[in-house]
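# Structural overview
Here is what each chain is made of, one letter per residue.
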Amino acid sequence: VTDGTDTAYKLAKKYHVKIAFGTDLFGGLDRAALQSQRLVSLRQWFTPPEILHIVTAANGELVALSGPRNPYPKKLGVIEPGAYADLLLVNGNPLENIGLLGMPDKSLAVIVKNGAVIKNTLAK
C-alpha cells in the first residue's frame, strides 16, 4: 500500500475521484496527533484548499452514500442550520499553511464537536 500511495493519489486527482480522509492506522486516541500529521502530508499531492475540502465536504458526501447505514441522517460537511458540524477555529490560515493542522495542541483555539465546546482558549 505504501509503495502505491503516490500513484494512487496522482491518479485520483487526475481522474477527479472523490477522496475521503480518516485513518485508524495509528491506533487509539493517544496517538491521534499522528492522524493530523498524516493529513498535513497530503500536501505532497494536494493544495491546502483541496485538503480542507477532502476532510470536510468530501467526507460528508461520501458518508451520505452509505444510505440506510448512514449514522448521520442530516447534512454533513457544510455549515448551515440543521446540519451536523464539528468546527475548528485555527490560529492562522490553513489555506495558506496547512501545516497548522499538524500541530493541533498549538494551532486549534476552539474545537466544537457534536455541538459541544471541547476546547476554547479564547475564553481565557
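In this text the structure is predicted, and so the values were computed from the model without any measurement.

## A short note on the nonpolar core
Grouped together as the largest cluster of nonpolar side chains are 17 residues, with contacts concentrated most on Leu39, Leu42, Phe46, Ile98 and Leu101. Elements represented by at least two residues in this core include exactly helix H1 (5-14), helix H2 (32-41) and helix H3 (48-64). In terms of residues, this core owes the most to one element, H3, which gives 3 residues. The residues contacting Leu42, other than those within four sequence positions of it, are Tyr9, Phe21 and Ile51.

## Here we look at the packing of aromatic side chains
Summed over all chains, the structure comprises 2 aromatic pairs. Taking 4.7 Å as the distance between ring centres and 40° as the angle between the ring planes, the aromatic pair formed by Tyr9 and Trp45 counts as tilted. You can see Tyr9 sitting in helix H1 and its partner Trp45 sitting in the loop between H2 and H3, a full 36 residues away along the chain. A single burial state applies to Tyr9 and to Trp45, both of which are buried. Ring centres 5.6 Å apart and planes at 85° place the aromatic pair Tyr9 and Phe46 in the edge-to-face group. Of the two residues, Tyr9 sits in helix H1 while Phe46 sits in the loop between H2 and H3, which places them 37 residues apart along the sequence. Aromatic ring contacts, followed pair by pair, group Tyr9, Trp45 and Phe46 into a single cluster.

## Section: the pairing of strand S2 (residues 108-113)
Judged from the 4 bridges that link them, strand S1 (residues 87-90) and S2 form a sheet pairing that is antiparallel. Residue Leu89 lies in a different strand from S2, and its bridge partner there is Val110. Sheet analysis places S2 next to strand S3 (residues 116-120), joined by 4 bridges and oriented antiparallel. Bridged to Val112 within S3 is Val117.

## Notes on the pattern of salt bridges
Pairs can form between side chains of opposite charge once their charged atoms are near each other. By the definition in use, this model includes 4 salt bridges. The shortest N-O distance in the salt bridge between Asp6 and Lys10 comes to 2.9 Å. Here Asp6 and its partner Lys10 are both found in helix H1, 4 residues apart, which amounts to about one turn of the helix. Overall, Asp6 belongs to the partly exposed group, its relative accessible area being 32%. Lys10 gets classed as partly exposed once you look at its relative accessible area, which sits at 49%. Between Glu61 and Lys18 there is a salt bridge, with the nearest N and O atoms lying 2.8 Å from each other. One end of the pair, Glu61, is in helix H3; the other, Lys18, is in the loop between H1 and H2, and 43 residues separate them in sequence. Residue Glu61 is classed as partly exposed on the basis of its relative accessible area, which comes to 33%. Judged by its relative accessible area of 53%, Lys18 falls in the exposed class.

Each value, and the rule that gives it
Residues numbered from 1 in each chain as written. Predicted model: local features only at pLDDT ≥ 70, side-chain atom pairs only at ≥ 80, totals over all residues. Heavy atoms only, no water. Core = buried A, V, L, I, M, F, W, Y, C linked by side-chain atoms within 4.5 Å. Buried < 20%, exposed > 50% of the residue type's maximum accessible area, 1.4 Å probe, protein only. Helix = DSSP H or I, 4+ residues; strand = E, 2+ residues; numbered from the N terminus. Contact = heavy atoms within 4.5 Å. Phe/Tyr/Trp six-rings, centres within 6.5 Å; stacked < 30°, edge-to-face > 60°. Pairing = 2+ DSSP bridges. Salt bridge = Lys/Arg side-chain N within 4 Å of Asp/Glu carboxyl O.

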